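Architecture at a glance
Here is how the chains run, residue by residue.
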Amino acid sequence: MTLSQEDGRLYYKIWFPLLDFVNKRYRINSRMKNMVTAKGMDPAEVKEVANKLWSDVTIIDDYLKENEDFPEEHKEIIRSWKRRVQGEFLAERHLKKGTIFISLENEEVYQVSGIISSWEEMFFGEPMPLMLEATFMPFKDVIISDGLVIPYNILVGGGIKRMMKDVYMDAKKNGRIHRTL
């Protein structure tokens, strides 16, 4: 599952200006002048900027103070990003309504939508389950990632596959799959 085209555009419309704000305020990368209009950005450089934001989400408050004229819907979405979840996850399976991720830290289970492309399309051909580092964030009534995902080149053995399948099945049975944050 992915966001609608309209919501995908909205996400990037409000995400890149926030990253620009962080980059300029904290002088993280002088080569990245304007992420809103830039093409072909290096994801590793963008991740540096996002890491600064995620290390201190009070930056979001500063950004919103400087942009009080934003539509309330945009401000609400941006504020919600303070509830992001970061860490290492195992992409356990793809479903029609999103991909199931299990936190390797606490075995919390998340159903995460793609932004423009589904997770299945993004990792086509990669053996499942797939281990990766990601930041998940709310967007309206679903969970998405910030788009800066780092997959690990690790093959997961049968024992861990079975264990993670059991974690998913238990969460499903007990209504403990996070679909929003």
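These remarks concern the structure in this document. (Residues numbered from 1 in each chain as written. Predicted model: local features only at pLDDT ≥ 70, side-chain atom pairs only at ≥ 80, totals over all residues. Heavy atoms only, no water.)

A word on the environment of leucine 53
- Relative to the helices and strands, leucine 53 is located in helix H2 (residues 43–55).
- Between the alpha carbons of leucine 53 and lysine 82 there is a distance of 9.6 Å; along the sequence they are 29 residues apart.
- If sequence neighbours within four positions are ignored, leucine 53 has contacts with Trp15, Leu18, Val22, Ile59 and Ile60. (Helix = DSSP H or I, 4+ residues; strand = E, 2+ residues; numbered from the N terminus. Contact = heavy atoms within 4.5 Å.)

Re the environment of glycine 8
- For glycine 8, the location among the structural elements is in helix H1 (residues 5–26).
- For the pair glycine 8 and lysine 47, spaced 39 residues apart in sequence, the C-alpha separation works out to 19 Å.

Observations regarding the packing of H1 against H2
- Close contact between H1 and H2 brings their axes to 9 Å; oriented N to C, the two are set at 85°. With respect to H2, the axis of H1 lies roughly perpendicular. Of H2, the residues touching H1 (which contributes Trp15, Leu18, Leu19, Val22, Asn23 and Tyr26) are Val46, Val49, Ala50, Lys52, Leu53 and Trp54.
- Looking at the contact of H1 with H2 residue by residue, the class counts come to ten nonpolar, one polar and one charged. (Axes fitted to C-alpha atoms, helices over the stretch in contact; angles between N-to-C directions. Parallel < 35°, antiparallel > 145°, perpendicular 65-115°, else oblique. Nonpolar A, V, L, I, M, F, W, Y, C, P; charged D, E, K, R; others polar.)

Considerations on the packing of helix H3 (residues 58–66) against helix H4 (residues 72–80)
- Interaxial distance between H3 and H4 falls to 9 Å at its minimum, and their mutual angle equals 165°. Between H3 and H4, the angle is such that the two are roughly antiparallel. Considering how the two elements wind past one another, H3 and H4 form a crossing that is right-handed. Across from Ile60, Tyr63 and Leu64 in H3, the residues of H4 making contact are Lys75, Ile78 and Arg79.
- Here the residues of the contact of H3 with H4 sort into four nonpolar, no polar and two charged. (Left-handed = near helix turned anticlockwise from the far one by under 90°.)

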